[in-house]
Amino acid sequence: MHSTNLLLEEPIRMASILEPSKTVRQRTSPPSPFAARSVRIRWTPAGADSFPLPVLFVPVARFDFSWGDAAYHQETLENLKLAIKATKKLCAVMLDTVGPELQVVNKSETPISLEENGTVVLTPHQGQEASSSVLPINFSGLAKHFSLPFHIEIKLKQNICRLQAVTPGATIFVGQYLFTGSETTSVWLEVKKSFFAVSEVKGDDVVCIIKNTATLAGSLFTLHCSQIHIDLPTLSDEDKDVIKKWGAPNKIDFLSLSYTRHAEDVRQAREFLSKLGDLSQTQIFAKIENVEGLNHFDEILAEADGIILSRGNLGIDLPPEKVFLFQKSALHKCNMAGKPAVVTRVVDSMTDNLRPTRAEATDVANAVLDGSDAILLGAETLRGLYPVETISTVGRICAEAEKVFNLDVYYKRAVKYVEEPMSHLESIASSAVRAAINVKASVIICFTSSGRAARLIAKYRPSMPVLSVVIPRLKTNQLRWSFTGAFEARQSLIVRGLFPMLADPRHPAESTSGTNESVLKVALDHGKASGVIKSHDRVVVCQKVGDSSVVKILELDD
């Protein structure tokens, strides 16, 4: 385990902690293109009325197709577009697939009361009505057979008696919004043992003992089998249909691949997207939700564009004492690979409350100090009573945590981790950050077409903002001409410390001279207008000149 990224200067004046934060703006003031925090917040909108203008401070909107149909999400997206137009801000769109998620459907939406020490049957027969005695699920393989351990075979009526996919004593969780942790809104089940000490199964049904009293309210509940392989495809036919009919027309920027378990899952998803026109540019974020994905984390990380740590399900699959270790290790691996990492489930209590708990506030700060690029809000903004206040509160906590993030230690660790000899682009990126630190530059400006150079600079966590000036490229499919750049600019929004700007396509990213005056002037004016760049400031510029990559230091006049 690596040393902490927390920076505290001695002597610590405890009274100074209570001083108002200078970086926190009043809600009535106009938001700056450069946030007080560089850690990003992704949120899940709650429908067509979920976009008060302050929310557009949040750069990524996640559309979770576990809830609502395509028409519902389209209405929400159209409203988001109006808010983007009104605020003149970029906002990326992420489609979150359902994947092999097990669900209990409560068609009547009547609250289901479950009593401790009672029994309940999980059945794949979805025509049955959900009740306190039976819960219909969308999976017929829970009682699926495989060979007994130790090659034990019991012949019965010329068939082989086999052990079920669920073993006796296995834990199964059922709840809404991936288990908020409240023992009254989610239930813990234990697979019942039969006389032969195997799982009690009646045909395709599995009998479970209820371990806590709870009331399941709503129309849909998620079911999670702890450390059990679910034999369903990661990208289902339903997911593919949604991507084709909703994702492709709306040119989604990110695909959140739920329940990613192997690197092959990412490769198959990428192959599918490559056949859908513009979606070949869509980035894939692997969502790690169980031990199976955790066991293949390194190869998944190598294949994916980013990682989402779904701590709700992982918190069930992993022993509680291992959760923190997984988070810190996974975030470190993502940071060193230069790939964005997103953390989920941080302020669940704010679904119904105006303030987070002490543990939640600390958890948000620790996610920042551990190296997270973004915080994902789900139920807090999907159905919560205080969505704007939640975003504001999490943003303030992130900003405070970043003040004590030890950038020097992080930079040295990141440089040391890179294998030698460094690649050309990696060397330029790390040198640009070191130069900016040494001259105390106010901003780093990076000209890019693909966004890769800017992401590499952001990988080293410079203390100043990185302005990624995305230069569009002209391309053709032999039928029509179009420009690239919009995808690359929006996809930069999820990277910590990176602030994209889409440049005029008439200015090339590569210059044959030492300067690209007109587009640089636009970038500098943008920085000045947002208050990041002032007279006599120093600015580090990274761009290509001919076949060479150049890092320049500019000192601005009045």
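The protein chain goes by pyruvate kinase in an unreviewed UniProt entry, where it is assigned to Digitaria exilis. Its UniProt record, at the heading Pathway (unreviewed entry), says of the protein chain: "Carbohydrate degradation; glycolysis; pyruvate from D-glyceraldehyde 3-phosphate: step 5/5." Its UniProt record gives the protein chain the following Subcellular location (unreviewed entry) comment, quoted word for word: "Cytoplasm, Cytosol".

A.B. asks: Teacher, can you tell me more about the pattern of salt bridges here?
C.D. replies: Inspection of the entire model under this criterion finds 22 salt bridges. Residues Glu-190 and Lys-211 are paired through a salt bridge, measuring 4.0 Å at the closest nitrogen-oxygen approach. Of this pair, Glu-190 sits in strand β13 (residues 186–191) while Lys-211 is found in the loop between β15 (205–210) and β16 (214–216), placing the two residues 21 residues apart along the sequence. Residue classification places Glu-190 among the partly exposed residues on the basis of a relative accessible area of 23%. You can call Lys-211 partly exposed: its relative accessible area is 28%. Residue Arg-267 is joined to Glu-303 by a salt bridge in which the shortest nitrogen-to-oxygen separation is 3.2 Å.

A.B. asks: Would you take a moment to explain the packing of aromatic side chains for this structure?
C.D. replies: To describe a pair of aromatic rings, you give the distance between the ring centres and the angle between the ring planes. A complete count under the given rule lists 5 aromatic pairs for this structure. Note on Phe-63 and Trp-246: the rings are 5.3 Å apart at their centroids and 45° apart in plane angle, and the pair reads as tilted. Remark: Trp-246 occurs in helix α3 (residues 237–247) and Phe-63 occurs in strand β2 (residues 60–64); sequence separation between them is 183 residues. Trp-246 matches Phe-63 in its accessibility class, with the two residues each being buried. Note on Phe-65 and Trp-246: the rings are 5.1 Å apart at their centroids and 70° apart in plane angle, and the pair reads as edge-to-face. In this pair, Phe-65 is assigned in the loop between β2 and α2 (70–87) and Trp-246 in helix α3, connecting sequence segments 181 residues apart. The residues Phe-65 and Trp-246 share a single accessibility class, namely buried. Members of the aromatic cluster, each reached through a chain of ring pairs, are Phe-63, Phe-65 and Trp-246.

A.B. asks: Just checking my understanding: could you explain the pairing of strand β6 (residues 119–123) for this structure?
C.D. replies: Within a regular strand, the side chains alternate between the two sheet faces. Pairing of β6 with β15, which is carried by 4 bridges, proceeds in the antiparallel orientation. Bridge pairing in β15 places Val-121 opposite Val-207. The pairing of β6 with strand β7 (residues 134–136) spans 3 bridges and is parallel. In the strand pairing of β7, Val-121 is matched with Val-134.

A.B. asks: When you look at the pairing of β2 in this model, what are you seeing that I'm missing?
C.D. replies: Within β2, 5 of the 5 residues are buried, which leaves the element mostly enclosed by the surrounding structure. Neither face of β2 is open: one carries Val-60, Arg-62 and Asp-64, the other Ala-61 and Phe-63, and all of them are buried. As for the winding sense of the linkage, the β-α-β connection from β2 through α2 to strand β3 (residues 92–96) is right-handed.

A.B. asks: Explain unusual backbone geometry to me, please; I cannot follow it from the model alone.
C.D. replies: With the exception of glycine, the majority of residues adopt a negative phi angle, and the majority of peptide bonds are in the trans configuration. Residues Glu-420 and Pro-421 are joined by a peptide bond in cis, for which omega reads 0°. Relative to the helices and strands, Pro-421 is located in the loop between α12 (407–417) and α13 (424–438). In this structure, Lys-251 takes a positive phi of about 50° despite not being glycine. A positive phi angle, close to 55°, is found at Lys-440, a residue other than glycine. Mapped onto the elements of the fold, Lys-440 is located in the loop between α13 and β23 (443–448).

A.B. asks: Teacher, can you tell me more about the environment of Ala-361 here?
C.D. replies: By secondary structure assignment, the location of Ala-361 is in helix α9 (residues 358–370). Taking C-alpha positions, Ala-361 is 7.0 Å from Ile-397, a pair spaced 36 residues apart along the chain. Residues within four places of Ala-361 in sequence aside, it is in contact with Pro-356 and Ile-397.

A.B. asks: Looking at this structure, how should I read the nonpolar core?
C.D. replies: Within soluble globular proteins, side chains that are nonpolar generally end up buried alongside one another. Core analysis: the largest hydrophobic core is formed by 55 residues, its most contacted members being Ile-243 and Ile-307. The biggest single contributor to this core is helix α11 (residues 387–403), with 5 residues. Aside from chain neighbours lying at most four places away, what touches Ile-243 is Leu-95, Thr-97, Leu-235, Ala-248, Leu-255, Phe-272, Leu-273, Leu-276 and Leu-279. Counting residues in hydrophobic clusters, the runner-up holds 39 residues, among them Tyr-410, Ala-414, Ala-429 and Val-439.

Procedures and definitions
- Residues numbered from 1 in each chain as written.
- Predicted model: local features only at pLDDT ≥ 70, side-chain atom pairs only at ≥ 80, totals over all residues.
- Heavy atoms only, no water.
- UniProt positions renumbered as here; feature names shortened; annotations may be inferred.
- Salt bridge = Lys/Arg side-chain N within 4 Å of Asp/Glu carboxyl O.
- Helix = DSSP H or I, 4+ residues; strand = E, 2+ residues; numbered from the N terminus.
- Buried < 20%, exposed > 50% of the residue type's maximum accessible area, 1.4 Å probe, protein only.
- Phe/Tyr/Trp six-rings, centres within 6.5 Å; stacked < 30°, edge-to-face > 60°.
- Pairing = 2+ DSSP bridges.
- Right-handed = clockwise from strand over helix to strand, strands pointing away.
- Contact = heavy atoms within 4.5 Å.
- Core = buried A, V, L, I, M, F, W, Y, C linked by side-chain atoms within 4.5 Å.

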